[in-house]
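# Close look at the chain arrangement
Chain by chain, the residues:
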Amino acid sequence: MGKGFFISKVVAVVCVVVAISAVATIIALSVVYAQEKSKNQETPATATTGTTAGPGTQTTTPSTPKEPWQHYRLPDSLSPISYNVTLWPRLTPNPDGLYIFSGYSTVLFTCVNETDLILIHSNKLNFTMFDGYHAQLKAVDGASAPQLKKSWLEVPTQYLVIQLSSPMQAGSTYELFTEFVGELADDLGGFYRSEYYEDGVRKILATTQMQPTDARKAFPCFDEPAMKAVFHMTLIHPHGTVALSNSMNYEPINITTPDGLNLIQTSFGPTEIMSTYLLAFVVCDFGFIQSDLGAEVLIRIWARRKAIDEGQGAYALEKTGPILSFFEKYYKIPYPLKKSDQIALPDFSAGAMENWGLITYRETALLYNPAVSSNGDKEWVATVISHELAHMWFGNLVTTRWWNDLWLNEGFATYVSYLGANYTEPDWNMSDLIVLNEIIGVMAVDALASSHPLSSKEADVMRPEDINALFDSITYSKGAAVLRMLSSFITEEVFSNGLSMYLEEFKYKNTVYQDLWKNLQTAVDNAGIQLPHSVEVIMNRWILQMGFPVVTIDTSTGKISQKHFLLNPDSVVDVPSEFNYEWFVPITWIKTGAAKDQYWLLTKEATNPDMTIGASEWLIANIDMKGFYRVNYDSENWDQYLCVISLLTMHLTWQGEAMAKIVSTTLALSTTRFLNAELEYMPWQTATRNLDYFVLMFDRSEVYGPMQGYINKKVTPLFKHFKDLTANWTKIPEKHTDQYNQVNALSWGCSTGVEGCKELTTAWFKEWMDNPDNNKISPNLRTTVYCSAIAEGGVVEWDFAWGMYRNATIASEAEKLLYALSCTKQPWLLNRYLEYCLVPEMIRKQDATFTINYIAGNPIGQPLAWDFIRPSNVCLFFSYGGGSMSFGRLINGVTKRFSSEFEYKQLLQFKEDNINQLGSAASSLEQALERTKANMDWLALNKKLVLFNSQV
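Calculation criteria
- Residues numbered from 1 in each chain as written.
- Predicted model: local features only at pLDDT ≥ 70, side-chain atom pairs only at ≥ 80, totals over all residues.
- Heavy atoms only, no water.
- Helix = DSSP H or I, 4+ residues; strand = E, 2+ residues; numbered from the N terminus.
- Buried < 20%, exposed > 50% of the residue type's maximum accessible area, 1.4 Å probe, protein only.
- Areas by Shrake-Rupley, 256 points an atom, 1.4 Å probe, with all protein chains shown as cover.
- Expected span 1.5 Å × (residues − 1).
- Polar contact = N/O pair within 3.5 Å; in protein donor to acceptor, adjacent residues only side chain to side chain.
- UniProt positions renumbered as here; feature names shortened; annotations may be inferred.
- Contact = heavy atoms within 4.5 Å.
- Core = buried A, V, L, I, M, F, W, Y, C linked by side-chain atoms within 4.5 Å.
- Pairing = 2+ DSSP bridges.
- Axes fitted to C-alpha atoms, helices over the stretch in contact; angles between N-to-C directions.
- Disulfide = S-S within 2.5 Å.
- Parallel < 35°, antiparallel > 145°, perpendicular 65-115°, else oblique.
- Left-handed = near helix turned anticlockwise from the far one by under 90°.
- Nonpolar A, V, L, I, M, F, W, Y, C, P; charged D, E, K, R; others polar.
- Phe/Tyr/Trp six-rings, centres within 6.5 Å; stacked < 30°, edge-to-face > 60°.
- Lys NZ or Arg CZ within 6 Å of the ring centre and 35° of its normal.

### Notes on the overall build of the chain
- A count of helical and extended segments in the chain gives 28 helices and 31 strands.
- Here the chain, with 952 residues, has 62% of them falling under the buried criterion.
- By element, 52% of the accessible surface of the chain is carried by carbon and sulfur atoms, the whole surface being about 34600 Å².

Encoded structure:
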């Protein structure tokens, strides 16, 4: 039964986003976005037998494994109970110039099935040998342990292999002791070092990033998510430093090594039972701020001392408590730990990592300085904190059994991170911003024939590179989108109830995604909600096949149909689906302003007579973009809908369907004619993403000039609006989204030549150059102002910005400058900048990939960046930090402008030259090839049409 319905601007915006969505997002790939203890009072000893076994001992793993150690998955014969680990990181180099750590570990495990073989993960560790073996084994409770027969390191599968002379007995418990040395490298994985300068003094800290498969680089362990155990950690560290880990520490004690070194030994209480990838430990001399004494949960924010002294951790401390409280209510389960440490690291490969009790962050994701940081920086901090805290229950307390269900862990945290941020910052409308930040972009990736399903079979995800390949926008953003859709059609309350039952049933255990579906189904049944099929049957079509449908509604007949949406309709989908690429689609819809009952499209085609309209009526579907699908209509409904949009000044865009040849580019472009009367952020931001694609395709052609003139006419009123609203750019808009839209006005204004824009940004930058200690440029506008001024300037402006970047003590400010430096139009400066990317003293390893992609975003820099990464630099990038995950992002970024036959052939040659060394980046290369072909086809079809429309 229809209800009275008021169409808000946000609803109208989202509906049009769905209906005619964005081409620009074909290059909006995100990754993530993605990381993680010995009461023994002794100091880690040096080799007692005089021999050390390095990681080079190996055999060759055949293509068809025959032996257990040639398989990448652990057998089910052993189950860990607890670890006692002592580690001593050296924060100064040894005589060979290497930073190392030494340690020893005892793992207590149960023999589940009789076996004469121990397989335990180890990577890049050098072991002390005991009578010719890598370890010592003993039985617990007085029983005798089998003698060791042979041991070696199986490098391809990253195992320490121990063969026994007789089998261990099922049900018996044993201890395995190892002693080892590893390199405290700067590779951002496992136990690694980070470097920074404070007051001109170079400082070293030791930290960790274990996810997904790098705990084995810190100590031998059963390094799989289902191998949960309790960890007892001890860290030995210099005076003047502090040691942190997942649990609260005991009172540190002073110790003296056999060499006479005076050190501190800090031991930590036992962790909760948890997976190895959630383990974390840090040795540093950071400062901290904390929650009030007596608080139920101790919250501490750790960072460089200067950052803490400047108050950069205050916002994170302010928001962590409320977000934790929100999730306690949402999950209906108390926070499982006594403390929540959060630490900002100068060098960190991911955005943040949900280590249980010690969350690690990039500085930009935890620190906020209101005098320097923008509102976007602030939103990022709130959202990332919310994402990581969501994991404390969903992911940490209850953990998926294997990495093939990573989407459930990360997709869920991505979705509810917006709920947590919305709770603590209710004026930001975060429930709307998820559409722009996550859903539109990932639809463009999932519309490629080279996409992949959310969930894979365990057998298809075995090697570390297979696991790494899953950390992509499909896992994070599509995962969030389909869970948001599920929450919508069963209601948020029922969704929350089902989650609570799931977490209660499986706490401290491991699950598969079907366990969540069963608990959600129980919640649905308890609430009396009627669904056309079970939760599992409905959702299987969304997670077990790639892609999503475009739903076409013919309002003259009421006919509804669905089809697999592909950005390039000529793409060949060679991956079969048991569901034949059909979905059970929940359709929410409005008819001439009245909300209608949800309709389920359960077949390829159906008819709903209620979806016919009269001469003055209109219909829109997928309200608030809650469903993960696009919508197309007959031409009459499009015309009527666009007329309504015009009257209400609620309009948006477009172009995914235009690229897929579902609607014409003329129709897509026609929606932009309303932009000169639009002042709201959502329409402009979506239009910006679409227009960005046009810029990418045409900024090297004769179409670019007329197109820029067309956009100039649309953005000029917006530029003038914000000039007036901010009293000639002297005030900050009050609304969160207005602050964002002010950036759109300035960015588009300067890039399209709006009168007075470049003069404004150049003058602001010049004023800063004249007085470097007093930067009066609004933090919200700095990225745009810096970029515009550097683009208009030369080497003087570039060198000034480089100097300010090198001296920046606030990470968010450094990040803005890092981007802006790529805006120069001087090729030699861009080439010099590219060379800096491989010098860690110039640009941190964590930032190298982003910087190269920034340069590639500049039409002058794009061919320079492409030449830079091929062909001889491939191996270099893999060894430089981030590995194949980082190189995959690089391929996506550098090739996003590719649209010619010549560039397509270059990509094919690149693939041929590097096919055996791409690892998980191979999928990114396939996506790049598919996108390039789609760009070529779209240009051939639309170049003249866009030129004509730009001149109208």
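### Considerations on helix α4 (residues 375-391)
- The end-to-end C-alpha separation of α4 is 25 Å, in line with the 24 Å expected for 17 residues at 1.5 Å each.
- Across the 17 residues that make up α4, a large majority, 14, are buried.
- Two or three places before glycine 376, at the start of α4, stands the capping residue serine 374, its side-chain oxygen 3.3 Å from that residue's backbone nitrogen.

### As for the UniProt feature "active site" (unreviewed entry) in the chain
- Following the UniProt record, one finds the feature "active site" (unreviewed entry) at Glu388.
- Along the polypeptide, glutamate 388 turns up in helix α4.
- On the accessibility criterion, glutamate 388 (4% relative accessible area) is buried.
- Once you skip the residues sitting within four places of it in the chain, glutamate 388 turns out to touch Ala352, Met353, Glu354, Ile359 and Tyr361.

### As for the nonpolar core
- Core analysis: the biggest nonpolar cluster contains 203 residues, and Trp517, Trp542 and Ile587 have the highest contact counts within it.
- With 11 residues, helix α6 (residues 430-446) is the single largest residue contributor to this core.
- Counting residues in hydrophobic clusters, the runner-up holds 83 residues, among them Leu691, Trp768, Tyr805 and Tyr904.

### Some remarks on the environment of glycine 547
- Tracing the backbone through its elements, the reader meets glycine 547 in the loop between α11 (535-543) and β25 (549-554).
- For glycine 547, a relative accessible area of 0% gives the class buried.
- Contact partners of glycine 547, with chain neighbours within four places excluded, come to Asp446, Lys478, His564 and Trp583.

### A look at the sheet that holds strand β31 (residues 630-633)
- A sheet is described by the order of its strands in space; here four strands give the open sequence β29-β26-β25-β31, paired in mixed fashion. Each edge of the open sheet is held by one strand with a lone partner, namely β29 (605-607) and β31. Each strand axis lies, on average, 20 degrees off the axis of its neighbour in the sheet, ignoring direction.
- Across four bridges, the pairing between β25 and β31 is parallel. Pairing of valine 551 across the sheet is with valine 631, part of β31.

### Section: the sheet that holds strand β21 (residues 352-353)
- One open sheet accounts for five strands, arranged β18-β19-β20-β22-β21; its pairing is mixed. Whereas interior strands pair on both sides, the edge strands pair on one side only; in this sheet they are β18 (287-290) and β21.
- Sheet strands in contact with α4 are β20 (339-345), β21 and β22 (358-362), and its direction is about 150 degrees off that of β22.

### A few points about the state of the cysteines
- Evaluation of the coordinates by the stated rule reveals two disulfides.
- Sulfur-sulfur distance for the disulfide between cysteine 750 and cysteine 757 comes to 2.1 Å. The chirality of the disulfide connecting cysteine 750 with cysteine 757 is left-handed, given an S-S dihedral of about -90 degrees. Each member of the pair, cysteine 750 together with cysteine 757, is buried.
- Here cysteine 787 pairs with cysteine 823 through a disulfide, and the sulfurs are 2.0 Å apart. Of note, the bridge from cysteine 787 to cysteine 823 carries an S-S torsion of about -100 degrees and is left-handed in sense.

### Some details on unusual backbone geometry
- With an omega dihedral of 0 degrees, the bond running from glutamine 211 to proline 212 counts as a cis peptide bond.
- Along the chain, proline 212 turns up in the loop between β12 (201-209) and β13 (230-237).
- For tyrosine 581, which is not glycine, the phi torsion reads 55 degrees and is therefore positive.
- Position of tyrosine 581 among the secondary structure elements: in the loop between β26 (559-564) and β27 (585-591).
- Here tyrosine 581 falls in the buried class, since its relative accessible area comes to 13%.

### Examining the packing of helix α22 (residues 827-836) against helix α23 (residues 845-857)
- Close contact between α22 and α23 brings their axes to 9 Å; oriented N to C, the two are set at 165 degrees. Relative to α23, the element α22 lies roughly antiparallel. Seen along the crossing, α22 lies across α23 with a hand that is left-handed. Along its contact with α22, which presents Leu830, Tyr833 and Leu834, the element α23 presents Thr851, Ile852 and Ile855.
- The class makeup of the residues in the contact of α22 with α23 is five nonpolar, one polar and no charged.

### A look at the packing of aromatic side chains
- In the structure shown here, the tally under the stated rule is 59 aromatic pairs.
- Both rings, one in tryptophan 407 and one in tryptophan 517, keep their centres 6.2 Å apart while their planes meet at 45 degrees; by these two values the pair is tilted. Placement of tryptophan 407 in helix α5 (residues 406-424) and of tryptophan 517 in helix α10 (residues 513-527) is noted, with a sequence separation of 110 residues between them.
- Here tyrosine 681 and tyrosine 740 contribute two aromatic rings whose centre-to-centre distance is 5.3 Å and whose plane-to-plane angle is 35 degrees, an arrangement assigned as tilted. Here tyrosine 681 is found in helix α15 (residues 681-698), whereas its partner tyrosine 740 is found in helix α17 (residues 736-751), with 59 residues between them in sequence.
- Judged by its relative accessible area of 15%, tyrosine 740 is buried.
- The lysine or arginine in question, lysine 150, covers the ring of tryptophan 152, its NZ or CZ lying 5.0 Å from the ring centre.
- One Lys or Arg, arginine 541, reaches over the ring of phenylalanine 584 and ends 4.0 Å from the middle of that ring.

### Concerning the pairing of strand β15 (residues 253-256)
- Pairing of β15 with strand β16 (residues 262-267), which is carried by four bridges, proceeds in the antiparallel orientation. Bridge assignment links threonine 256 to a residue of β16, and that residue is asparagine 262.

### Regarding the environment of phenylalanine 177
- In this fold, phenylalanine 177 is placed in strand β10 (residues 173-183).
- Taking the relative accessible area as the measure of exposure, phenylalanine 177 reaches 21% and is therefore partly exposed.
- Between the alpha carbons of phenylalanine 177 and glutamine 136 there is a distance of 5.1 Å; along the sequence they are 41 residues apart.
- Excluding residues that lie within four positions of it along the chain, phenylalanine 177 makes contacts with Tyr104, Ser105, Thr106, Phe130, Ala135 and Gln136.

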